[in-house]
Amino acid sequence: MSKKLLLKDAHIEGIRYFETYRKQGGYTAAEKALKMTPDEILEEVKASGLRGRGGAGFPTGMKWSFLAKPEGVPRHLVVNADESEPGTFKDRYLMEFLPHVLIEGMLISSFCLGSNVSYIYIRGEYSWIPDILEEAIEEAKAAGFLGKNILGTGFDCEIYVQRGGGAYICGEETALLESLEGKRGNPRLKPPFPAVKGLWERPTVVNNVESIAAVVPIIDIGGAEYAKIGVGRSTGTKLISACGNINKPGVYEIDMTITVEEFIYSDEYCGGIPNGKRLKACIPGGSSVPIVPANLLLKTVNGEPRYMNYESLADGGFATGTMMGSGGFIVLDEDQCVVEHTMTLARFYNHESCGQCTPCREGTGWMYKILKKIENGQGKMEDIDLLWDIQRKIEGNTICPLGDAAAWPVAAAIRHFRDEFEWHVKKPELCLTQNYGLANY
Ligand code: L3W
Ligand code: SF4
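The paragraphs below set out a description of the structure included in this document.

Cut-offs used in this document
- Residues numbered from 1 in each chain as written.
- Chains lettered and ligands numbered in written order.
- Predicted model: local features only at pLDDT ≥ 70, side-chain atom pairs only at ≥ 80, totals over all residues.
- Heavy atoms only, no water.
- Near = heavy atom within 4 Å.
- Polar contact = N/O pair within 3.5 Å; in protein donor to acceptor, adjacent residues only side chain to side chain.
- Areas by Shrake-Rupley, 256 points an atom, 1.4 Å probe, with all protein chains shown as cover.
- 1 Å grid on protein atoms, 1.4 Å probe; cavity = no way out; pocket = protein on both sides within 12 Å on 5 of 7 lines; lining within 4 Å.
- Sits in = over half its atoms within 2 Å of the grid points.
- Nonpolar A, V, L, I, M, F, W, Y, C, P; charged D, E, K, R; others polar.
- Patch = residues over 30% accessible without salt bridge, like charges linked within 9 Å, V, L, I, M, F, W, Y side chains within 5 Å.
- Salt bridge = Lys/Arg side-chain N within 4 Å of Asp/Glu carboxyl O.
- Helix = DSSP H or I, 4+ residues; strand = E, 2+ residues; numbered from the N terminus.
- Pairing = 2+ DSSP bridges.
- Axes fitted to C-alpha atoms, helices over the stretch in contact; angles between N-to-C directions.
- Phe/Tyr/Trp six-rings, centres within 6.5 Å; stacked < 30°, edge-to-face > 60°.
- Buried < 20%, exposed > 50% of the residue type's maximum accessible area, 1.4 Å probe, protein only.
- Right-handed = clockwise from strand over helix to strand, strands pointing away.
- Parallel < 35°, antiparallel > 145°, perpendicular 65-115°, else oblique.
- Left-handed = near helix turned anticlockwise from the far one by under 90°.
- Contact = heavy atoms within 4.5 Å.
- Points joined across faces, edges and corners; volume = space filled by probe spheres on them.

Focus on the site of ligand 1
Stage number 1. Taken together, 20 residues form the shell around ligand 1, and within it Gly54, Lys63, Ser84, Glu85 and Glu173 come nearest.
Stage number 2. In this structure, an oxygen atom belonging to ligand 1 sits 2.7 Å away from a main-chain N or O atom of Glu85.
Stage number 3. A distance of 3.4 Å separates an oxygen atom of ligand 1 from a polar side-chain atom of Lys190.
Stage number 4. In isolation ligand 1 exposes 910 Å². Once the protein is present, 76% of that is buried.
Stage number 5. Here ligand 1 is seated within the largest pocket.
Stage number 6. In terms of residue class, the shell around ligand 1 is built from seven nonpolar, seven polar and six charged.

Structure (C-alpha cells):
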C-alpha cells in the first residue's frame, strides 16, 4: 500500500474546516516552519527532491533558489490552480476536500520566499471552489495563521483567489501572470523566467497546487525523510487522477514505486478494466503527453516493468516512452479508436491555441482538419505523412509548450498506431461502424 501524505486525512468528516484540520495536526508544520529561517526551509525543500507536480517536473527547490531578491522590490508566490489539462483533476480534489493543506503550504512557502501577497489563480470552470478556498483563508486568518504579524513573527501574508476566464492557455505560467495582471492570457517569451520578472515584473514563483501542498509534509517529516519515499529522482508521493476505461476512476496518492500494471489492475487503485476488456493504450500524464500502447506500457523496451514514476514512464524517450506530466492517467480499452481520440485532442488544442505563433495557430487547425478527414473515412494515405510532417514542424518552434503538447499526441499516435490510421483510409466503412483498429498491441 502506498504511503499517504497529502490525502491521509481525506476520509475525515469536516476536514475541509479549520477546526477539524487543526485537531488532526494541521498547521503544526507552519508553526515549525515559522521558527526556522527561510534558508533552512529552502534547504528542506531542496533535500526533499520535490519536483513540480504541474507537468514539467522541474525541481521545486531549484526554482525557489532562482528567485531574484532585488532590494525594495516585492516578491510573489502564485499558485497555479488553472487545472485544465484533459484527464487531470487532482488539484480540484485537493482544493475541494483539503483546502487547508494548500493554505498551510502557501503560508510556509510565502514565508520562505518572502511573499507578503500571494495568489491562487483558479480555472473559471471550477466555479464552486473559490468559495471553499476563501472560507479556508478567512478561517486561517481568524486563527492568526494569515494576515499581519503571523504568530508574532513579524511576517505578514495575505492570500487572494483570482478566477480565470476558462482558457486552457492560462495554465501556462506566463499567460497566467498576464491574466492575473488583467490582460489577455498570451504567453510571454522566456527568458526572463518569472523567478526574475514575473507578476508586474516582480520576482515570482509560480507553482502547481500539489507542489505547494507537498511542502506541508516535507516540513513535517523533513526533506530527507520525504526523499526516502519513492525511488531515484521520483521522490515523495504523487497524486494521480485516473479516468477512462477503468472500474474505479478517482484521485489516488501513490509513492511512485508501484508498477503501471499494479496501478491499473489492483483493487487499491483503478480496479481493472470493465467487462474484462483488454488494455489498448494509456496516456499517463494528461492529454499533452504521448500515448503508449499496452505492450510498452506494462514493460519498458528492456523488458523491465514500467513503474509509475518520472524516469520509468519516460524510458526510451518519446519513441517508446511517455511522461509523468500532470498525472492525468487516461486508460483506453480495446474498443477505443485512437484516430478518433487523437482528433478530439487536436480539436481541443486548436481551440485553445492563443494564436500568437504561426506553427501552433495554423498547424493545430490543419492537424484537426486532416484527422477529421481520416476519421470520417475521407482520408488518403499521404494524409498520414502530411500529419506527421506538420507535427514535426510545430514541435520546438513555438513560444510556449502548447505547440509541443499539440504535436506529441499526434506523433505518438502515428508512431504506435499507424496501422489503425491506414485501416481508416483503406476500410473506412469498418472503422466507422466497429470503431477498432489493427495496431500491434
Ligand atoms: C528559472 C530557469 N526558472 C525552468 C521554471 C519555469 C517553470 C518550470 C518548468 O510547462 C509542462 C508542459 C505541458 N530559471 C528555469 C526556470 N524554469 N528553467 O521551471 O518549466 P518548463 O518550461 O519545463 O515547463 P512549463 O512551461 O511549466 C509545463 C505539461 O507540463 N503538461 C501540462 C499540464 C497542464 C496543466 C494544467 O492544466 N494547468 O497541468 C502536462 O504534461 O505540456 O510541457 O516554472 O519557469 N533557468
Ligand atoms: Fe499561443 Fe500556441 Fe504560441 Fe503557445 S504555442 S504562444 S498557445 S500560439
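Right, picking up where we left off after that structure.
Here's the deal with a nonpolar patch on the surface
Stage number 1. Together, Phe58, Met62 and Phe66 give the surface a local cluster of nonpolar side chains, amounting to about 290 Å² of exposed area.
Stage number 2. Position of Phe66 among the secondary structure elements: in the loop between helix H4 (60-65) and strand S1 (76-81).

Topic: unusual backbone geometry
Stage number 1. The step from Lys190 to Pro191 runs through a cis peptide bond, and the omega angle for that step is -10°.
Stage number 2. Note on placement: Pro191 falls in the loop between helix H8 (173-180) and strand S4 (204-208).
Stage number 3. Residue Leu151 is not a glycine yet carries a positive backbone phi of 50°.
Stage number 4. Counting through the fold element by element, Leu151 comes out in the loop between helix H7 (129-142) and strand S3 (158-163).

Here we look at the sheet that holds S1
Stage number 1. Strand order in the open sheet formed by four strands is S3-S2-S1-S4, and the pairing between neighbours is parallel. Two strands close off the open sheet at either side, each with one partner strand: S3 and S4. Taken over all neighbouring pairs, the strand axes of this sheet differ in orientation by 20° on average, direction set aside.
Stage number 2. Sheet topology note: the S1/strand S2 (residues 117-122) ladder contains four bridges and is parallel. Bridge pairing in S2 places Asn80 opposite Tyr121.

Points about the packing of aromatic side chains
Stage number 1. Per the stated rule, a full pass over the model turns up 18 aromatic pairs.
Stage number 2. Between Tyr252 and Phe263 the ring centres are 5.9 Å apart and the planes differ by 85°, which places this aromatic pair in the edge-to-face class. One end of the pair, Tyr252, is in strand S8 (residues 250-254); the other, Phe263, is in helix H11 (residues 260-265), and eleven residues separate them in sequence. In this structure, Tyr252 and Phe263 share a single accessibility class: buried.

A word on the pattern of salt bridges
Stage number 1. Following the criterion strictly, the structure yields 29 salt bridges and no others.
Stage number 2. The closest approach of N and O atoms between Lys228 and Glu225, which form a salt bridge, is 2.6 Å. With Lys228 and Glu225 both in helix H10 (residues 223-228) and three residues apart, the pair spans about one turn of that helix.
Stage number 3. Overall, Lys228 belongs to the exposed group, its relative accessible area being 60%.
Stage number 4. We classify Glu225 as partly exposed; its relative accessible area is 39%.

Structural notes on the pairing of S3
Stage number 1. Bridging between S2 and S3 involves six bridges; their strand directions are parallel. Across the sheet, Tyr119 pairs through a bridge with Tyr160, a residue of S3.
Stage number 2. Tracing the backbone out of S2, into H7 and back to the parallel element S3 gives a crossover that is right-handed.

A word on the packing of helix H16 (residues 358-375) against helix H18 (residues 402-426)
Stage number 1. H18 packs onto H16 with a crossing angle of 20° between their chain directions and a minimal axis gap of 12 Å. Comparing their axes, H18 and H16 come out roughly parallel. As for the relative orientation of H16 and H18, their crossing is left-handed in sense. Along its contact with H16, which presents Cys360, Thr364, Met367, Leu371, Ile374 and Glu375, the element H18 presents Leu402, Gly403, Ala406, Ala407, Val410, Phe421, His424 and Val425.
Stage number 2. Within the contact of H16 with H18, the residues separate by chemical class into ten nonpolar, three polar and one charged.

Quick notes on the layout of surface pockets
Stage number 1. Estimated volume of the largest pocket: approximately 1,200 Å³.
Stage number 2. Gly54, Gly55, Ala56, Gly171 and Pro401 are, among the 45 residues lining the largest pocket, the residues nearest its centre.
Stage number 3. Residue assignment for the lining of the largest pocket shows that the elements contributing at least two residues are S1, helix H5 (90-97), S4 and H18.
Stage number 4. Here the lining of the largest pocket gets five residues from one element, more than from any other, and that element is S4.
Stage number 5. Roughly 250 Å³ of volume is contained in the second largest pocket.
Stage number 6. Taken together, 18 residues make up the lining of the second largest pocket; nearest its centre are Leu5, Lys8, Tyr21, Val216 and Asp220.

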